[in-house]
Amino acid sequence: MKKKKNFGFATKTIHSGASPEAITGARNVPIYQTTSFVFDNTEHAKRLFSLQDFGFIYSRLTNPTVSVLEERVASIEKSRASVACSSGHAAQQLAFIPLLNNGDHFISSNKLYGGSINQFSKTFKRFGWNCDFVEPDNLSNFENSIRDNTKFIFIETLSNPDGSIVDIEKVAKIAKKNHIPLIVDNTLATPYLHNPVDWGANIVTHSLTKFMCGHGTSMGGIVVDCGNFNYLKDNKFPALSKPNKSYNDIKFSETFGDFGYAMKVKADSLRDLGCSLSPQNAFNILNGLETLHLRMREHVNNAKLVAKFLSSHPQIYEVSYAGLKSSKYYKLAKKYMPEGPGSIFTIKLKKGFKACIKLVESVKLFSHVANVGDTRSLIIHPASTTHSQLSKEEKIKAGAGPDTIRLSIGIETVEDIIEDLDHSLK
Ligand SMILES: Cc1ncc(COP(=O)(O)O)c(C=O)c1O
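Scope of this entry: the structure provided in the associated data block. As the structure is a prediction and not an experimental result, all values here were calculated from the model. (Residues numbered from 1 in each chain as written. Predicted model: local features only at pLDDT ≥ 70, side-chain atom pairs only at ≥ 80, totals over all residues. Heavy atoms only, no water.)

## Things to note about the nonpolar core
What counts, and what does not: Side-chain atoms within 4.5 Å are what join buried Ala, Val, Leu, Ile, Met, Phe, Trp, Tyr and Cys residues into a set we call a nonpolar core. For every residue, the accessible area obtained with a 1.4 Å probe (protein chains only) is divided by the maximum for its type, and the residue is called buried under 20%, exposed over 50%, and partly exposed between those limits. Put simply, DSSP marks the helices as runs of H or I at least four residues long and the strands as runs of E at least two long, and each gets a number from the N terminus on. Delimitation of the domains relies on an automatic or database domain assignment. Two residues form a contact once any of their heavy atoms are found within 4.5 Å.
If you look at the biggest cluster of nonpolar residues, it comprises 79 residues, and the most contacted ones within it are Leu69, Ile153, Leu182, Leu310, Phe345, Ile347 and Leu407. Per element, the largest residue contribution to this core is 7 residues, and it comes from helix H13 (residues 292-311). Here this core spans two domains, since at least three of its residues come from each of domain 1 (9-99 + 181-288) and domain 2 (292-425). If we skip the residues at most four places from it in the chain, Ile347 touches Leu310, Ile316, Glu318, Val319, Leu359, Asp403, Thr404, Ile405 and Leu407. Counting 41 residues, the second-largest nonpolar core is a separate cluster that includes Ala95, Phe152, Met263 and Leu270.

What follows is the structure, given as structure tokens:
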């Protein structure tokens, strides 16, 4: 049999999942702006509804524009399948539902986007899902928190806001030893800089809103099934291993094999929660993905230069960028992201909170927004915004103290970025 060609990253970001449209020859992916799709006959409809055939029914579940995006992201994450949805937060909810029952437990790194800490510790708690947050630099914290009802470990590869790095290969070994999946939020690294599956992750989530879309235009999220976890092995994951009443008693993992988890996320979780991605947003994100490799190179190159400049600035006492030799994450950065650890990091100002506010209000090129991963350079004071709902202690643990500013370095001319910061700091 002819071996399947393994295309390069850039080729995949431009072509995976798409070919010219069969009837019109349209070269770009059409925006299928329709709620529903006409069935061939009643037998066809029945087969689609019972998952005996793959095809399009209704855009809450499946839509051709969204499907291209799903195939493309699965391809660049070197994974089996993926399910797109309306935001990164929606992706986390969709990802967890097949794994957790009321009363179950999971472990998360405490170095996370503040919104995720909130989502896990408050809203998810009301679902009966209990999360222990652990300090990820000490790996035994993960091991020591595992209980009989622990269903997965969750980490961010590069954490928001400070760009610190978790030793993913070692965490994956702990998860494997205990037969639970490792879920990785790869939003800040993107598949260009890092593929969690290479280091043992089983499920990847993304906020597509950030670098993957890349232009600050569209919200989106995705759950990626790496296809490398056996949900049938014990009785830990009944939603995947036991008969499903809605679909003629099929067992998702048995019927769909290495993409059973993705099918469950789509056919059950997305169907019932309805947090679908719109075709227009899928199109915008696909356009963004086509230049992901070019943009990430520029983001990283600019971030390295800006971090270096700031690390010797008299107003600043700490720059968290893991690409600096002085960072305690430098070695991990070299191992897991050899091209560079992204373009989001924090700086700590000697003159504290008031100086942070002054800086945010003085910059001209930077935009003061609650987003990261835009082509534009962005700035925010996390403790009073993105991480404001956390306790004082949680803020410090998450790297969002009162004297801390988060920067998301864009792809403008780097001298202009540096000048804007230097001028404003002065
Ligand atoms: C690392 C990370 N994960 C998830 C999210 C949530 O994504 P969204 O805003 O698309 O819901 C964010 C948002 O900032 C994030 O930074």
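## Brief notes about the packing of aromatic side chains
The condition that has to hold: Only centres within 6.5 Å qualify two rings of Phe, Tyr or Trp (six-membered ring in Trp) as a pair; their planes then separate them into stacked at under 30 degrees, edge-to-face at over 60, and tilted for everything else.
What the rule picks out here adds up to 28 aromatic pairs. Between Phe127 and Trp129 the ring centres are 5.0 Å apart and the planes differ by 90 degrees, which places this aromatic pair in the edge-to-face class. Trp129 sits in the buried class, given a relative accessible area of 5%. Taken together, a centroid distance of 5.2 Å and an interplanar angle of 55 degrees make the contact between Tyr321 and Phe345 tilted. Placement of Tyr321 in the loop between strand S8 (316-319) and helix H14 (330-336) and of Phe345 in strand S9 (residues 344-349) is noted, with a sequence separation of 24 residues between them. An aromatic cluster is defined as three or more aromatic residues linked by ring pairs; in this entry it consists of Phe96, Phe106, Phe120, Phe124, Phe127, Trp129, Phe133, Phe152 and Phe154.

## Quick word on unusual backbone geometry
Note the cis peptide between Asn160 and Pro161, where omega equals 20 degrees. Phi is positive for Leu51, which is not a glycine, with a value near 65 degrees. With relative accessibility at 17%, the residue Leu51 sits in the buried group. Its identity as a non-glycine residue notwithstanding, Thr190 has a phi of 70 degrees, on the positive side. By relative accessible area, which is 0% here, Thr190 ends up buried.

## Observations concerning the sheet that holds strand S3 (residues 130-134)
By definition, the strands of a sheet pair up through backbone hydrogen bonds, in either a parallel or an antiparallel sense. So the rule is basically this: Here, any two strands with at least 2 DSSP bridges between them count as paired. Here, axes are lines fitted to C-alpha atoms. For helices the fit covers the stretch in contact, and angles between N-to-C directions go from 0 to 180 degrees.
Taken in spatial order, the 7 strands make up an open sheet running S1-S7-S6-S5-S4-S2-S3, and their pairing is mixed. In this open sheet, the two edge strands, each paired with only one partner strand, are strand S1 (81-85) and S3. Taking each pair of neighbouring strands and ignoring which way they run, the sheet shows an average axis angle of 20 degrees. Sheet topology places strand S2 (residues 105-109) next to strand S4 (residues 150-156); 3 bridges connect them, and they run parallel. Its bridge partner being in S4, Ser108 is matched across the sheet by Phe154. With respect to the sheet, helix H11 (residues 260-273) is in contact with S1, strand S6 (203-207) and strand S7 (221-225), its orientation differing from that of S1 by roughly 25 degrees.

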